[in-house]
Amino acid sequence: MTPHRKKLIEVALPLDAINKESAREKSIRHGHPSTLHLWWARRPLATCRAVLFASLVDDPSNDLPEEEAKVERDRLFGILEDLVKWENSNDENVLGRARVEIMRSTGNNPPPVLDPFCGGGSIPLEAQRLGLEAHGSDLNPVAVLITKALIEIPSKFVGQPPINPEARGNIGNEGNWRGAKGLAEDVRYYGKWMRDEAQKRIGHLYPKGPNGEFVIAWIWARTVRCLNPACGAKMPLVRSFWLSKKQGKKAWIEPVVDREKKSFRFEVRTGEGLSPDGTVNRQGATCIVCNTAVPFSYVRAEGKADRMGQQLMAVVAEGQRERVYLAPNEDHAAVAGKAKP
Ligand SMILES: C[S@@+](CC[C@H](N)C(=O)[O-])C[C@H]1O[C@@H](n2cnc3c(N)ncnc32)[C@H](O)[C@@H]1O
């Protein structure tokens, strides 16, 4: 039996460098798989890359006395620290040095990597980057699709030129399609085409904010008619009126109630202050106009009878490098009624 050889991961890791790069990845907005499709439990690529490398590369203490092993381990740490940097993700020089170490520790025959719970595909992607045969599976078909798009489809188009008409007409650009660059060019071209078409066909259903802001979300409340016959307001069912609790960027929806007219409207408030309590809790709902307690049994019955309504409470738009929260306006509410799915 081959004696057990300790791997680097069993002895030591440059954790500070790995943690720092893993945390940094969260703010990368361009070229990261998280921008391809949202996956809620995605592991940072830097961590996956480091763990794969350190699980395959031998710790030097297998062959060297501790003093010399430490020097050699520091050299491997240097490779690992370069390897986890986002900027080096496609640096053939850095990747090449890592691949040499993996080959050396595995007798030029590295094992294939299988991640049976691959989620967003971070582990198979990093295995592939390190030159390893990579496999993944997942119970969730969305995860399977994301992983296919990351590791299976691009590898089928390696070195191939794009096929879109614009690129084909670009004479003199042949032969410059290393890796999946040709496929990426097509994805960009046809992605833009799809976005432009969508804009043409349904763009009118997505009005901009008052200063031309691009709207990213519309926050609605379900409503039911208040049980109190003397009130009868279309009461909103809202768990929380908070829009943002971030320090320095607090924003909330403020219901402004006119008890005489039994009506209300919503405003958006920012700055210091507190959002009012929501109108729904574990016990039931409360009418925002007359404070009558309304049991869930009534709310459910109204829903089943198809008597629930909805009211727009706020609009979330993209401002200058931050979200802006806007009070609802008539255009935004009216356009939702026009859309015919
Ligand atoms: C923590 S996530 C994996 C995250 C992944 N490493 C990444 O970086 O995106 C766990 C995954 O296990 C999958 N899963 C849970 N139970 C499973 C099962 N019985 N068979 C296959 N996949 C399963 C889930 O669908 C989920 O995608």
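So, a few notes on the structure that sits alongside this text. (Residues numbered from 1 in each chain as written. Predicted model: local features only at pLDDT ≥ 70, side-chain atom pairs only at ≥ 80, totals over all residues. Heavy atoms only, no water.)

Bringing the sheet that holds strand E4 (residues 234-237) into the picture now. Where strands meet in a sheet, backbone hydrogen bonds hold them as pairs that are either parallel or antiparallel. The 4 strands are arranged E4-E3-E10-E11 in an open sheet whose pairing can be described as antiparallel. Two strands lie at the open edges of the sheet, namely E4 and strand E11 (323-326), each paired on one side alone. Across the sheet, the axes of successive neighbouring strands diverge by a mean angle of 35°, strand direction being ignored. With 4 bridges connecting them, strand E10 (residues 309-318) and E11 associate as antiparallel partners. (Pairing = 2+ DSSP bridges. Helix = DSSP H or I, 4+ residues; strand = E, 2+ residues; numbered from the N terminus. Axes fitted to C-alpha atoms, helices over the stretch in contact; angles between N-to-C directions.)

This paragraph deals with the site of the ligand. Around the ligand, the structure places 14 residues, and the nearest of them are Arg43, Gly120, Ser122, Asp138 and Leu139. In this structure, Arg43 approaches the ligand through a main-chain N or O atom, which is 2.8 Å from an oxygen atom. About the coverage of the ligand: the protein hides 69% of its 610 Å² of free accessible area. Classifying every residue of the shell around the ligand by side-chain character gives 6 nonpolar, 5 polar and 3 charged. (Near = heavy atom within 4 Å. Polar contact = N/O pair within 3.5 Å; in protein donor to acceptor, adjacent residues only side chain to side chain. Areas by Shrake-Rupley, 256 points an atom, 1.4 Å probe, with all protein chains shown as cover. Nonpolar A, V, L, I, M, F, W, Y, C, P; charged D, E, K, R; others polar.)

Let us look at unusual backbone geometry. Phi at Asn291 takes a positive value of approximately 65°, unusual for a residue other than glycine. Its location among the elements puts Asn291 in the loop between strand E8 (285-286) and strand E9 (293-294). Classification of Asn291 as exposed rests on a relative accessible area of 54%. (Buried < 20%, exposed > 50% of the residue type's maximum accessible area, 1.4 Å probe, protein only.)

Moving on, we get to the sheet that holds strand E7 (residues 263-270). Sheet architecture is open: 3 strands sit in the order E5-E6-E7, paired in antiparallel fashion. Of all the strands in the sheet, the pair left with one neighbour each is strand E5 (242-244) and E7. The sheet shows a mean angle of 30° between the axes of neighbouring strands, direction not considered. Of the pairings in the sheet, the one linking strand E6 (residues 251-258) to E7 comprises 8 bridges and is antiparallel in character.

Note that all results are geometric; they support no functional claim without further evidence.
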